[in-house]
Amino acid sequence: MTLQEFLENKFDKNTAKTIIERSDALYNEMCAEQKPRLSKDQYKPAKNKILKRISVFKAMREYEDEDKVLAHMKEFYYPKFEKLADMLNKLTGTATGRAVFRKFFTANLKKDVWKTTVKQSDKEALVFDITECIYKSLCDYYDCSKCCELFCDGDWMMFGGMQKFKFQRKYTLGYNNSRCDFHFINNSGR
């Protein structure tokens, strides 16, 4: 289902069209504003994911309160995670897959998209804290910190179904904590 179709199920056709047009205009403005401000590693997820969702959030917020907008956003975007979540569950089901996951994840943590502290990265677990995050920074910059919950809760959609490399977390920046704590614990029973 396209965003246009989804919005037409939630709003009348004209309102849906206006939201799409408004979000496209906001997205283009945000990309133009952020491209010179962000590094290449930061701009890529900003352009491909974060700013698009922020622009849709802001455009919908003109018609609904933030809680309702967040619910709509989750309803539209979260089903798109299902295939990737299934793939991650299969990947982390083997020792080799868990090693690949750890290697990939720790390599990405070195980019300047996050400020991280890796506490453990071995066969037993991958544990790290994020204290600064481009997702949170951009949501705050565009005055829609509630939208950051979409990204933080999305981690559960992505990683929560991994049976043999269990995802655990108590804190997120998007819920106004001082950090996002990520714990991926080997639950394979070896």
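Residues numbered from 1 in each chain as written. Predicted model: local features only at pLDDT ≥ 70, side-chain atom pairs only at ≥ 80, totals over all residues. Heavy atoms only, no water.

A. Local environment of empty space enclosed by the protein. Following the criterion strictly, the structure yields 1 cavity of 30 Å³ or more and no others. One number sums up the size of the largest cavity: a volume of about 30 Å³. Around the largest cavity, the lining residues are Arg53, Tyr77, Tyr78, Phe81, Leu150 and Phe151. (1 Å grid on protein atoms, 1.4 Å probe; cavity = no way out; pocket = protein on both sides within 12 Å on 5 of 7 lines; lining within 4 Å. Points joined across faces, edges and corners; volume = space filled by probe spheres on them.)

B. Region of the structure containing unusual backbone geometry. Non-glycine residue Asp143 carries a positive phi angle of around 55 degrees. What makes Asp143 exposed here is its relative accessible area of 59%. One non-glycine residue with positive phi stands out, namely Asn176, at about 65 degrees. Position of Asn176 among the secondary structure elements: in the loop between strand 3 (165-168) and strand 4 (180-186). (Buried < 20%, exposed > 50% of the residue type's maximum accessible area, 1.4 Å probe, protein only. Helix = DSSP H or I, 4+ residues; strand = E, 2+ residues; numbered from the N terminus.)

C. View of the nonpolar core. By size, the foremost hydrophobic cluster in this structure holds 56 residues, and its most contacted members are Leu7, Ile54, Phe101, Phe159 and Phe184. With 9 residues, the top contributor of residues to this core is helix 3 (residues 40-61). With near-sequence residues (within four places) excluded, Ile54 lies in contact with Met30, Leu138, Cys139, Tyr142, Cys144 and Cys147. (Core = buried A, V, L, I, M, F, W, Y, C linked by side-chain atoms within 4.5 Å. Contact = heavy atoms within 4.5 Å.)

D. Here's a closer look at the pairing of strand 1 (residues 114-121). Relative to strand 2 (residues 125-133), strand 1 runs antiparallel, the two being bridged by 7 bridges. In the sheet register, Trp114 faces strand 2, and the bridge partner there is Cys133. Following strand 1, the chain reverses through 3 residues before pairing antiparallel with strand 2. (Pairing = 2+ DSSP bridges.)

E. Representation of the packing of aromatic side chains. According to the stated counting rule, one finds 22 aromatic pairs in the structure shown. Relative to Tyr63, the ring of Phe11 has its centre 6.3 Å away and its plane inclined at 65 degrees; by these criteria the two rings are edge-to-face. Of the two residues, Phe11 sits in the loop between helix 1 (3-10) and helix 2 (13-34) while Tyr63 sits in the loop between helix 3 and helix 4 (66-77), which places them 52 residues apart along the sequence. Its relative accessible area of 12% is what places Phe11 among the buried residues. For the pair Phe159 and Phe184, a centre-to-centre distance of 5.2 Å together with 90 degrees between the ring planes defines the contact as edge-to-face. Of the two residues, Phe159 sits in helix 8 (residues 148-159) while Phe184 sits in strand 4, which places them 25 residues apart along the sequence. When sorted by exposure, Phe159 lands in the same class as Phe184, which is buried. One aromatic cluster in this structure is built from Phe101, Phe105, Phe128, Trp156, Phe159, Phe165, Phe167, Phe182 and Phe184. Sitting above the plane of the Phe76 ring, Lys80 keeps its charged end 4.3 Å from the centroid. Above the plane of the ring of Phe182 lies Arg169, whose end atom (NZ or CZ) is 4.9 Å from the centre. (Phe/Tyr/Trp six-rings, centres within 6.5 Å; stacked < 30°, edge-to-face > 60°. Lys NZ or Arg CZ within 6 Å of the ring centre and 35° of its normal.)

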